[in-house]
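Descriptive analysis of the structure
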Amino acid sequence: MCVGWFQKSKIPDFVEFISSYDILCFTESKFDAYDDVHLSGYELLPPIIREKCRHKSGGIAVFVKSSIYKYVKVIDISSQCIYLFSIVNLLPSDLLFGIVYIPPENSVYGSVDIFDEILEKIIDITVNKNYQVCLLGDFNAHTGTHDDFVIVNDTILDSLLIDENSRKYMNSINALYELDVIHFDTSAILESVDTLSHDDNSNVVYKSKWKNNNANVFLENLNDENIHDLVEKLENLDVNNINVETVNNVILNCNSIIKNAADKADMTVEFKPKNSRPGVRSKKCKPYFNQDCYLKRKAYRKCKNLTGD
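Residues numbered from 1 in each chain as written. Predicted model: local features only at pLDDT ≥ 70, side-chain atom pairs only at ≥ 80, totals over all residues. Heavy atoms only, no water.

Looking at an unreviewed UniProt entry, one finds the chain named Endonuclease/exonuclease/phosphatase domain-containing protein and attributed to Mytilus edulis.

In structure tokens, the structure reads:
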């Protein structure tokens, strides 16, 4: 996200929006060595600060939620164009993140050598590490009317050494796209995935919550026979004869496998929706509070915070 941090951090709607994320990555953060930056519930990693400039500009900053801060390690912040940090022992695979800022080609800071610099840093870090790599940020890739993505073809699959089984699944997904299956009404599907079970009488929902300490128990209780049956069904699907019911049945089977393992690994928790908790007021807007009201309130709050009144 490209942002002047101090200006944006005064807007309540902005702070509320970003607080739902575990990791926040900002380019053009415009910090300097004297800034004292705080964000409730987050830890600020050492930022990249642009030095020897007449006014605040550039920079890359990363905020990490305090609850996962111990899993994050800064790898390399020696460059002005990429901030490299890793997340280890938290997810199934260790991750290397590169927060990128590529100056525009007509900028005094712009250079074609930046891409080589980024590539060399990633190669140096990953040569002896089994990282999954994710690059994100502001690449200033002004593609105009051209696609800003690459179509996966056999040349790319060959270069990535993708095996035949994986290609088979990818081809099946492409077939679903071509048949417009992705335009299903997914409300029923999402409901079955998001909610493991529901008690109609008590208004209580039961969901799975991952616990690292119980990971082995969870894996041991994944039913191999049910998984094999599900995979077999997927392999035998007729892509020319798929409907919403077919997709829902697959999702429900997958959901059942996960739920059973979660129950045995003590990963099922009770959850009460906010509007069903005693003493908690619903945030549902009044009938007269329309989009125009929302925008005017947002503008008012922005002006109020900028003026300090």
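1. Here's the deal with the nonpolar core
Judged by nonpolar contacts, the single largest core of 15 residues is most densely connected at L45, V62, Y83, F85 and I99. Elements that contribute at least two residues to this core include exactly β3 (60-65), β5 (82-87) and β6 (95-101). (Core = buried A, V, L, I, M, F, W, Y, C linked by side-chain atoms within 4.5 Å. Buried < 20%, exposed > 50% of the residue type's maximum accessible area, 1.4 Å probe, protein only. Helix = DSSP H or I, 4+ residues; strand = E, 2+ residues; numbered from the N terminus.)

2. Quick notes on the environment of A261
Within the fold, A261 resides in helix α9 (residues 244-264). It is 8.0 Å that separates the C-alpha atoms of A261 and E220, two residues lying 41 residues apart in sequence. In this view, A261 contacts F218, N221 and L222; residues no more than four positions away in its chain are not counted. (Contact = heavy atoms within 4.5 Å.)

3. What to know about helix α8 (residues 224-235)
Here α8 contains twelve residues, and its C-alpha end-to-end distance of 16 Å stays within 8% of the 16 Å for a straight helix at 1.5 Å per residue. Backbone nitrogen of E225 and a side-chain oxygen of the N-cap are separated by 3.0 Å at the start of α8; the cap is N223. (Expected span 1.5 Å × (residues − 1). Polar contact = N/O pair within 3.5 Å; in protein donor to acceptor, adjacent residues only side chain to side chain.)

4. Considerations on the packing of α8 against α9
Direction vectors running N to C along α8 and α9 enclose 160°, while the axes themselves pass 10 Å from each other. In terms of their interaxial angle, α8 and α9 are classed as roughly antiparallel. For the pair α8 and α9, the sense of crossing is left-handed. Here N226, I227, L230, K233 and L234 of α8 lie close against α9, whose contacting residues are V250, N253, C254 and I257. Of the residues contributing to the contact of α8 with α9, the split by class is six nonpolar, two polar and one charged. (Axes fitted to C-alpha atoms, helices over the stretch in contact; angles between N-to-C directions. Parallel < 35°, antiparallel > 145°, perpendicular 65-115°, else oblique. Left-handed = near helix turned anticlockwise from the far one by under 90°. Nonpolar A, V, L, I, M, F, W, Y, C, P; charged D, E, K, R; others polar.)

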